[in-house]
Amino acid sequence: MKGKKIFVSGGAGVIGLEMIPKLLARGATILVGDIKPRPSGFPPEVIYRQGDLNYLREQELIQFKPEIFIHLAATFERSIESYGFFQENFWNNVNLSHHLMTITKDLSSLKRVVFASSYLIYQPNLYQFHAPRKVAVALRETDPIQPRNLIGMAKLAHEIELDFINKFRNGQFSTVCARIFRGYGRNSRDIISRWIRALIDDQTLTIYRPEGLFDYIYAADSAEGLIRLAETHNINGIINLGTGQARRVQEVLDILQQHFPNMRVNNATSDILFEASQAEMSRFKSMLDWTPEYKLEQAIPEIIDFERTQRKLPINSSAPLTILVSSASKKVSLIQAMKTAARKIDTNAQVIAGDCSPNALSSYVADKFWVMPKTTDDEIENIINGCIERGISVILPTRDGELQYWAKHKNRLAKLGIQVIVSSPTSLINCIDKQEFSNFGRVHGLPIVPSTSTIDDLQCSRFVVKERYGAGSRSIGIDLDRKQAMHHATTLSNPIFQPFIAGHEFSIDSWTDSHSEVKALVLRHRKTIIDGESQVTKTFTHPEFESISHKIIKRLKLSGPSVLQAIEDNNGNMHVIESNARFGGASTAGINAGVDSLFWSLLEARGIDVANYPFLRISGEIQQVRLPSDIYIYDDSNL
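One structure accompanies this document, and this report is about it. (Residues numbered from 1 in each chain as written. Predicted model: local features only at pLDDT ≥ 70, side-chain atom pairs only at ≥ 80, totals over all residues. Heavy atoms only, no water.)

1. A word on the overall build of the chain
Item 1. Check the secondary structure of the chain and you find 19 helices and 31 strands.
Item 2. With the C-alpha coordinates aligned to their principal axes, the bounding extent of the chain is approximately 100 × 55 × 50 Å.
Item 3. Within the chain, residue pairs in contact and separated by at least 24 positions form 71% of the contacts whose partners lie at least 6 positions apart.
Item 4. Put simply, the chain shows about 29,600 Å² of open surface, and 50% of that area lies on carbon and sulfur atoms.
Item 5. Averaging the positions of the 72 positive and the 70 negative side-chain charges in the chain gives two centres separated by 2 Å. (Helix = DSSP H or I, 4+ residues; strand = E, 2+ residues; numbered from the N terminus. Contact = heavy atoms within 4.5 Å. Areas by Shrake-Rupley, 256 points an atom, 1.4 Å probe, with all protein chains shown as cover. Lys, Arg positive; Asp, Glu negative; His and termini not counted. Charge placed at Lys NZ, Arg CZ, Asp CG, Glu CD.)

2. Considering the pattern of salt bridges
Item 1. A complete count under the given rule lists 32 salt bridges for this structure.
Item 2. Among the salt bridges present, the one from D106 reaches K105, with a minimum N-O distance of 3.0 Å.
Item 3. Exposure remark for D106: the relative accessible area of 37% places this residue in the partly exposed category.
Item 4. The salt bridge involving E517 is made with K554; its shortest N-O contact spans 2.9 Å. (Salt bridge = Lys/Arg side-chain N within 4 Å of Asp/Glu carboxyl O. Buried < 20%, exposed > 50% of the residue type's maximum accessible area, 1.4 Å probe, protein only.)

3. Section: the sheet that holds strand β28 (residues 533-540)
Item 1. Taken together, six strands build an open sheet; the order of strands is β30-β29-β26-β27-β28-β31 and the sheet is antiparallel. In this open sheet, the two edge strands, each paired with only one partner strand, are β30 (574-580) and β31 (623-625). Looking at each pair of strands side by side, their axes are set apart by 30 degrees on average, direction ignored.
Item 2. Taken strand by strand, helix α17 (residues 543-556) contacts β26 (503-512), β27 (518-530), β28, β29 (560-569) and β30, and its axis lies near 110 degrees from that of β27. (Pairing = 2+ DSSP bridges. Axes fitted to C-alpha atoms, helices over the stretch in contact; angles between N-to-C directions.)

4. Describing the pairing of strand β18 (residues 322-325)
Item 1. Residues T322 and L324 line one face of β18 and the alternating positions I323 and V325 line the opposite face, and both faces are buried.
Item 2. In the sheet, β18 pairs with strand β19 (residues 350-355) via four bridges, with the strands oriented parallel. For L324, the partnering residue across the bridge sits in β19 and is I352.
Item 3. Considered for its hand, the β-α-β crossover made up of β18, helix α10 (residues 332-343) and β19 is right-handed.
Item 4. Pairing geometry for β18 and strand β21 (residues 394-396), over three bridges, is parallel. (Right-handed = clockwise from strand over helix to strand, strands pointing away.)

5. With respect to the side chain of K339
Item 1. Residue placement: K339 occurs in helix α10.
Item 2. Overall, the relative accessible area of 19% leaves K339 in the buried class.
Item 3. When near neighbours in sequence (up to four residues on either side) are disregarded, K339 contacts V351, V365 and D367.

6. Focus: the packing of helix α7 (residues 249-259) against helix α9 (residues 296-312)
Helix-helix packing: each pair is described by the crossing angle between the helix axes and the interaxial distance.
Item 1. Relative to each other, α7 and α9 sit at 50 degrees, their axes nearing to 10 Å. Looking at the two axes, α7 sits oblique to α9. Regarding α7 and α9, the two cross each other, and that crossing is right-handed. The segment α7 lies against α9, with V252, I255, L256 and H259 engaging L296, E297, I300, P301, I304 and R308.
Item 2. Counted by class, the contact of α7 with α9 contains seven nonpolar, one polar and two charged residues. (Parallel < 35°, antiparallel > 145°, perpendicular 65-115°, else oblique. Left-handed = near helix turned anticlockwise from the far one by under 90°. Nonpolar A, V, L, I, M, F, W, Y, C, P; charged D, E, K, R; others polar.)

7. Notes on the nonpolar core
Item 1. The biggest cluster of nonpolar side chains holds 73 residues, and the ones touching the most others in it are L226 and L229.
Item 2. For this core, the element with the highest residue contribution is helix α6 (residues 219-231), accounting for six residues.
Item 3. The residues touching L229, leaving out its near neighbours within four places in the chain, are R112, V114, V176, A178, I235, I239, F284 and L288.
Item 4. Within the second largest apolar cluster, 42 residues are counted, among which are V420, I548, L556 and A581. (Core = buried A, V, L, I, M, F, W, Y, C linked by side-chain atoms within 4.5 Å.)

8. Let's talk about the packing of helix α5 (residues 191-200) against α7
Item 1. One way to put it is that α5 packs onto α7 with a least axis distance of 12 Å and a crossing angle of 35 degrees. Where α5 crosses over α7, the handedness of that crossing is right-handed. Residues I192, W195, I196 and L199 of α5 touch α7, and the partners they reach there are V249, V252, L253 and L256.
Item 2. Of the residues that constitute the contact of α5 with α7, the class distribution is eight nonpolar, no polar and no charged.

9. Some words on a nonpolar patch on the surface
Item 1. A cluster of nonpolar side chains, L361, Y364, I631 and I633, forms an exposed patch at the surface whose accessible area comes to about 440 Å².
Item 2. For Y364, the position within the fold is in the loop between β19 and β20 (368-371). (Patch = residues over 30% accessible without salt bridge, like charges linked within 9 Å, V, L, I, M, F, W, Y side chains within 5 Å.)

10. Here's the deal with the packing of aromatic side chains
Aromatic rings considered in pairs are described by the distance between their centres and by the relative angle of their planes.
Item 1. All told, the structure shown has 16 aromatic pairs when counted by the stated rule.
Item 2. Residues F506 and F545 carry aromatic rings whose centres are separated by 5.4 Å and whose planes lie at 5 degrees to one another, so their mutual orientation is stacked. Placement of F506 in strand β26 and of F545 in helix α17 is noted, with a sequence separation of 39 residues between them. Each of the two residues, F506 as well as F545, counts as buried.
Item 3. Joined through ring pairs, the aromatic side chains of Y184, F214, Y216, Y218 and Y294 make up one cluster. (Phe/Tyr/Trp six-rings, centres within 6.5 Å; stacked < 30°, edge-to-face > 60°.)

11. Things to note about α10
Item 1. End to end, α10 covers 17 Å across 12 residues, agreeing with the expected 16 Å (1.5 Å per residue, within 8%).
Item 2. L334, I335, A337, M338, K339, A341 and A342 are the residues of α10 that are buried.
Item 3. The inward-facing, buried residues of α10 abut β18, β19, β21, α18 (588-593) and α19 (597-605). (Expected span 1.5 Å × (residues − 1).)

12. A few points about the environment of I15
Item 1. Of note, I15 is situated in helix α1 (residues 14-25).
Item 2. For the pair I15 and D202, spaced 187 residues apart in the sequence, the C-alpha separation amounts to 28 Å.
Item 3. Residues contacting I15, with those up to four places away along its chain left out, are L72, I180, A219, S222, A223 and L226.

Spelled out as structure tokens, the structure:
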């Protein structure tokens, strides 16, 4: 494994926590993907990507170049699955496995795939009975299959997918599916861990079918077995992974009794069948010359020590991810993009559309809607209380006129656990005030269009007249002569004059971290503009313009998403018109081109290092056409 690059999905799970140290000890380079926060025990050399892996992009793996893919990520329930597990199983088991194999199967670097499957695939009547059994049935890889629940179904589906892919890619990489038996381990939801936690809390255990026989395999052994399968290319297809020695439920209870002498047990009546299963391990033993090492007597004390230690540690749970998009109005595409970004981190995330108008169209696409107080200083207490009542943890301001307001109260909100995605007040001044933006450009020698409140300061014959503050498209006058410009200025509150520059207008979507380091930007032509926003926009590359944009954004010391507006004149020169320190109306095009600004902002708000989430620009270009779209809300109240 020395020097091998290994991608481990679900690496923060029970098996993964045992596996990662073993891989590091073997000298591997590891990329872990998991929806859970980074485990505190993972050293810095582990590359960690937190988020829902259903949204992992092929470009991220292309950059890492994995040689081995160990697929652990999965969701489980107890023996009897709940109704709500129907959708959860599809998303986190069926869809996830299919997606991960879709984006890995064509990687030229890939040599080996190891899938953590399950013995739940085997036909249940082989090992479940109406009466207790004296000995367990040794299940072989060739035994009949019929998954007994949704988890087993999902595991079998991916085994079949891997078998299909292997027919076409066996010259490139090999695959193996390890059917793991009754797993247990530290930091787990398995029955042994649940019992131990209950006993530490001095609770009475409720026991069903103590005569049952299960092949309990400790997570450390599962991890070791999977690693050994990853190290060899000689084993393909299906292989069992268990101890090969079933133990009765009563034996587990007897071991627990030794550590908890005052243990109380309630033997409940039940109509569930008696299980008697174990792995037939002859294939694994003969091909790898290794068998699991842990017995229950050795592993249970380790879990007890772990659980007792956990009780002494401070609780470190992140608040639920609930995002407020303020001034949401009719920003439907922004709300939808935010929901996608949020659920890449937390599948239960909620996006609240906030607006002072009860008729905001965004209310129909957000998870919740809040008719907010206006963003004025005398309403700040009501706004704060409203955020706390709704459990809001992140706020994204979307209107130029409210940016300074949120920036002003950002530190106070942060102390309450509410992060605001907005730049500092100082940085905002240079963006909101076009006169200041012009002065900023002059001082730093940047190609920013000059602005002045006095038309005589400009040496040109054609002019642009606009409001000094806020959105530049509001009440703008373009390509006016002097007389027209002077007249138009009388219709504005705080007019400024700029020279008219003939050329093609374009935008620059960017994202900057909290240290004002520009992580990513992408250029896009504004092909069709209505009310100041791009209705048709197409990305393009231009190294010189990208370099200039990078310099301007860094000098502005912005943070979070922002948009520069610029013109390429007829001689191919760049002139920057203005900077909007917020997510733009058409910035969803930037997201699709690789500037994942909302996702990165949420990660940073959660305290996650975005350095592990590279900017991966699409290889070609993308054109975005913004069209009105109908949605339908069905009312079944009369049914």
